[in-house]
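# Survey of secondary and tertiary structure
These are the residues of each chain, in order.
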Amino acid sequence: MSKVISASEAVAAIPDGAMVAVNSSSGLCCPDAVLAALGARFDATGAPCDLTTIHPIAAGDFFGMKGIDHIAKPGCLARIIGGSYPSGPTKAEPPKIWQMITGNEVAAYNLPSGVVFDMLREGAGRRPGVLTKVGMETFVDPDLEGGAMNARAAAEPIVRRERFDGEDWLYFKALTPDVAIIRGTTADERGNLTFESEGAYLGAMEMALAAHNSGGTVIAQVRRVAENGSLRPHDVRVPGILVDHVVEAPEMLQTTATAYDPAISGELIRPLSSFSIPEFGVQKVIARRVAQELKAGWAVNVGFGVSANVPRIFLEEGQHGAVTWVIEQGAVGGIPLLDFKFGCAANAEAFVASPHQFAYFQAGGFDCSLLSFLEIDANGSVNVSRLSATPHRTAGAGGFVDITARAKRIVFSGTFNAGAKMHIEEGRLVIDREGHTAKIVPAVDQVSFSGRRATSQGQAATYVTERCVIELRETGLTVTEVAPGVDVERDVLAQAETPLLLAEDLREMDAALFAPDLIGLAP
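What comes next concerns the included structure. Since this is a predicted model, take the numbers as computed values, not measurements.

Here helix 4 (residues 113-124) crosses helix 9 (residues 354-362) at 120°, and the two axes come no closer than 9 Å. The angle between helix 4 and helix 9 places the two elements in the oblique class. Of the two elements, helix 4 crosses helix 9, and the hand of that crossing is left-handed. For the pair formed by helix 4 and helix 9, the contact residues are Ser113, Gly114, Val115, Phe117, Asp118 and Arg121 on the first element and Ser354, Pro355, His356, Phe358, Ala359 and Gln362 on the second. Here the residues of the contact of helix 4 with helix 9 are counted per class, giving 5 nonpolar, 5 polar and 2 charged.

Below you can see the structure in the form of structure tokens.
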């Protein structure tokens, strides 16, 4: 019997109060057609109401794929547990979900993406929950904010500290969704799913298991339906025994603003010459200096922001392949993509399910992580997850907390302060107008990364900016390098709102970084 039905039929039986898990990363793998049908049902009937939704990574975006905003309606959505949320420009109207969060209309939580996947896996195995040290001494810790994004969430704690086997842990209760909404490329009539045109698997299998083993319903959105027996068993990533309904959506985008790019799904290997190289300027200087921190043979995680350009620096310098890039959505190798395609990689060597990738990150199995910062405080702690003035500017923590929990080395990058106007002239950094907001502050608005914990665990943390390089040492934040043209007293120490130390061997940043020619990168 065929499991293929319409989107409206698939969502018709979702009950009031259901817990609904959604497999997505912005536009990547987003089952938007099913979410749209769910929102339309609520508009027409007022049901289902009081839903809880689970998003290890954000569903939808600012740019045409509404995702969670289809159901971000008072009465429909009561609680949301997200690793990340749609984010976009300051001047854009915030998505409906952000309006509900800031208006305290929905209990909203921001938890580490990997931990949310772990909570689903524990639910699938009928185990009580997750004991982890991921998130300790960050905003996830109940001693700080417990991951609560507003007062409604704070009134219903979702994490607690527990003493087990002589150690302190964070405990998160297992999640047992009533419905899982996932997406693949092809399904046969029995519900077997393949992902040949997707840029990731994310946590489709884990979500399907969690819902199915809890007596729930699994809805799969796909681009096309194939005849039974026509799919190669090695290609099936979610077996039909776990899938209840299949919804065909032939016009779905591959990811945000991308109808289809075969290099994202590994169906085509792009020539290296087809990738753009960053133009010379201040941002490129930062990315180049970050690249100098890496060693050949390393596996390196890349996050959003300036560091996303580091793979292009390796490419330009003829060093592509010297390190292996790994991203939380699951791509291993290749070249991580930028802008709307961030979270995807072209020419990947492998796709790993996100829960497995996060297990790799949480245990510190990789060599280095390249991440951004919004603020740095006196202890070396970093805020990347909250801008109180414009919350929708940031996606929340996503996998940042998982990745930094035990990473051996972390290189944070960004401009020294916000709003400065600068240019490079004759190999020197020229500050035309100083910034309006300090990023190095006495205390960060939200602790996404704990400098104190990093120091106690022996983690190496470096902060690369256009005007200096700073290291986290036991004695404090220490400036080790200064850009040519920069006055360390005026342009660095006076622009930080918390004291910085100067290394005894303070030196000038590599002059080659500040010229348009190749820098001779030799990892």
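What follows is about the sheet that holds strand 6 (residues 159-164). Overall, antiparallel pairing links the 3 strands, which are arranged 5-7-6 in an open sheet. The open sheet has two free edges, formed respectively by strand 5 (129-132) and strand 6, since each of these has just one partner strand. Within this sheet the neighbouring strands show an average axis-to-axis angle of 35°, counted without direction. As paired strands, strand 5 and strand 7 (residues 167-173) are joined by 4 bridges and run antiparallel to one another. Following the sheet pairing, Leu131 is matched in strand 7 by Tyr171.

This part takes up empty space enclosed by the protein. Applying the stated rule across the entire model yields 2 cavities of 30 Å³ or more. Taken as a whole, the largest cavity encloses approximately 90 Å³ of empty space. Together, 14 residues line the largest cavity, and Met136, Thr138, Thr404, Ala405 and Arg453 are the ones closest to its centre. Of all the secondary structure elements, the ones that give two or more residues to the lining of the largest cavity are helix 10 (400-404) and helix 11 (451-457). Per element, the largest residue contribution to the lining of the largest cavity is 3 residues, and it comes from helix 11. When its residues are assigned to classes, the lining of the largest cavity shows 5 nonpolar, 7 polar and 2 charged. As a volume, the second largest cavity reaches approximately 30 Å³. Along the walls of the second largest cavity sit His55, Ala58, Ala59, Ile68, Ile80, Ser84, Tyr85 and Pro86, which together make up its complete lining. Here the lining of the second largest cavity is composed, by residue class, of 6 nonpolar, 2 polar and no charged.

Turning our attention to the pairing of strand 11 (residues 217-222). Along strand 11, 5 of the 6 residues are buried, which leaves the element largely enclosed by surrounding structure. Two strands pair when backbone bridges link them, and strand 8 (residues 179-183) and strand 11 are joined in this way by 5 bridges, in the parallel orientation. Considered in strand 11, the bridge of Ala180 is made with Val218. Sheet topology places strand 11 next to strand 14 (residues 245-248); 4 bridges connect them, and they run parallel. Across the sheet, Val222 pairs through a bridge with Glu248, a residue of strand 14.

One pass over the full model with this rule turns up 24 salt bridges. Its salt-bridge partner being Glu198, residue Arg183 comes within 2.7 Å of it at the nearest N-O pair. Of this pair, Arg183 sits in strand 8 while Glu198 sits in the loop between strand 10 (193-194) and helix 6 (204-213), and the two are 15 residues apart along the sequence. Under the relative-accessibility criterion, Arg183 is labelled buried at 0%. Among the charged side chains, a network of salt bridges with common partners joins Asp141, Asp143, Arg161, Arg163 and Asp168.

Reading the values: the criteria
Every chain is numbered independently, its residues counted from 1 as its sequence is written. Reporting of local features is limited, given that this is a predicted model, to residues whose pLDDT is at least 70; pairs of side-chain atoms are given and counted only at 80 or more, and all residues count toward the totals for whole chains, interfaces and linings. The side-chain figures draw on all heavy atoms in the structure; neither hydrogens nor water molecules are used. Every axis corresponds to a line fitted to the C-alpha atoms, with the helix fit spanning only the stretch in contact, and the corresponding angles, defined between N-to-C directions, vary from 0 to 180 degrees. What counts as a helix is a DSSP run of H or I of at least four residues, what counts as a strand is a run of E of at least two, and both are numbered from the N terminus. Any angle that falls under 35 degrees is termed roughly parallel, while one over 145 is termed roughly antiparallel, one within 65 to 115 roughly perpendicular, and all others oblique. Left-handed describes a crossing in which the near helix is turned anticlockwise from the far one by less than a right angle; the clockwise case is right-handed. Any two residues whose heavy atoms approach within 4.5 Å are treated as being in contact. Charged means Asp, Glu, Lys or Arg here, nonpolar means Ala, Val, Leu, Ile, Met, Phe, Trp, Tyr, Cys or Pro, and polar covers whatever is left, Gly included. DSSP-based pairing: two strands are paired if at least 2 bridges between them are found. Using protein atoms alone on a 1 Å grid, points that fit a 1.4 Å probe yet trap it form a cavity, whereas open point sets bounded by protein on both sides within 12 Å along at least five of seven lines form a pocket; residues with an atom within 4 Å of a point count as lining. Grid points are joined across faces, edges and corners, and a volume is the space filled by probe spheres set on the points. Relative accessibility under 20% of the residue-type maximum defines a buried residue, over 50% an exposed one, and the middle range a partly exposed one, all with a 1.4 Å probe and only protein chains included. A carboxyl oxygen of Asp or Glu within 4 Å of a side-chain nitrogen of Lys or Arg is what we treat as a salt bridge.

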